[in-house]
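One letter stands for each residue in the lines below.
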Amino acid sequence: MKNIKAILPRIPEYYLIVLVLLAGFTPPFSISPVSVVCAIALVLQIMYKNRKTGLIIAGLFMVVNLGAAMALIAELGEFSVYPMEFWALLLGGLALMILNFTVVGIMIYRYAYFLHRYPADSIPVF
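Worth saying up front: this structure is predicted, and the values here are computed from it rather than measured.

Give me the overall build of the protein: which residues, what numbers.
Along the protein, the regular secondary structure elements total five helices and two strands. The linear arrangement of helices and strands in the protein, starting from the amino end, is α-α-β-β-α-α-α. Per-residue burial over the protein gives 27% buried out of 126 residues. When contacts within the protein are restricted to residue pairs at least 6 apart in sequence, those whose partners lie at least 24 apart make up 65%. Surface exposure of the protein reaches about 8,700 Å², of which carbon and sulfur atoms provide 76%.

Pulling in residues and values, what's your account of the packing of aromatic side chains?
The final tally for this structure, using the stated rule, is six aromatic pairs. Relative to F86, the ring of F79 lies with its centre 5.6 Å away and its plane at 80 degrees, an arrangement referred to as edge-to-face. Given a relative accessible area of 27%, F79 falls into the partly exposed group. Classification of F86 as buried rests on a relative accessible area of 8%. Look at Y109 and Y113: their rings are 5.3 Å apart centre to centre, the planes differ by 35 degrees, and that puts the pair in the tilted class. Of this pair, Y109 and Y113 both sit in helix α5 (residues 84-117), four residues apart, which is roughly one turn of the helix. Judged by relative accessible area, which is 36%, Y109 ranks as partly exposed. An aromatic cluster is built from F79, Y82, F86 and W87, whose rings are joined through pairwise contacts.

Tell me what's going on with the environment of L89, and back it up with residues and numbers.
Considering the arrangement of structural elements, one finds L89 in helix α5. Overall, L89 belongs to the partly exposed group, its relative accessible area being 30%. A C-alpha to C-alpha distance of 7.7 Å links L89 and L76, two positions 13 residues apart in sequence. Once residues lying within four places of it in the same chain are set aside, the contact partners of L89 are L72, E75, L76 and F79.

Tell me what's going on with the layout of surface pockets, and back it up with residues and numbers.
Roughly 330 Å³ of internal volume is contained in the largest pocket. Contributing to the lining of the largest pocket are 14 residues, with L16, V20, C38, L42 and I57 lying nearest its centre. Every element with two or more residues in the lining of the largest pocket is listed here: α2 (11-23), α3 (33-48) and α4 (51-77). A per-class count over the lining of the largest pocket returns twelve nonpolar, two polar and no charged.

About the thresholds
Residues numbered from 1 in each chain as written. Predicted model: local features only at pLDDT ≥ 70, side-chain atom pairs only at ≥ 80, totals over all residues. Heavy atoms only, no water. Helix = DSSP H or I, 4+ residues; strand = E, 2+ residues; numbered from the N terminus. Buried < 20%, exposed > 50% of the residue type's maximum accessible area, 1.4 Å probe, protein only. Contact = heavy atoms within 4.5 Å. Areas by Shrake-Rupley, 256 points an atom, 1.4 Å probe, with all protein chains shown as cover. Phe/Tyr/Trp six-rings, centres within 6.5 Å; stacked < 30°, edge-to-face > 60°. 1 Å grid on protein atoms, 1.4 Å probe; cavity = no way out; pocket = protein on both sides within 12 Å on 5 of 7 lines; lining within 4 Å. Points joined across faces, edges and corners; volume = space filled by probe spheres on them. Nonpolar A, V, L, I, M, F, W, Y, C, P; charged D, E, K, R; others polar.

If you want it as structure tokens, here you go:
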């Protein structure tokens, strides 16, 4: 139980590390050096819990998600009728957007409010 309480607050950063590494992955097992550097920056953020960089990372992730949401809306606007592909794209895209914005909200809450109010060594309970 103590291990779960230690890992649970770090889930947004772990999620972002997985996303960054998957975004830089190309099929014959090649990973972009830029994504590796971003993943290392996220690992350092997990280790040091810096408020400013946490808020910057959350803000950048929110801007990227807003761009992805606009791309989803533009892609949905190309359908003149509503076939099965439309609903699959809508449900899959909305599920991903909700998950991503939830991660952004947790990160902003933790770095803007929680670490300011409580000591840096305490673990937030959600």
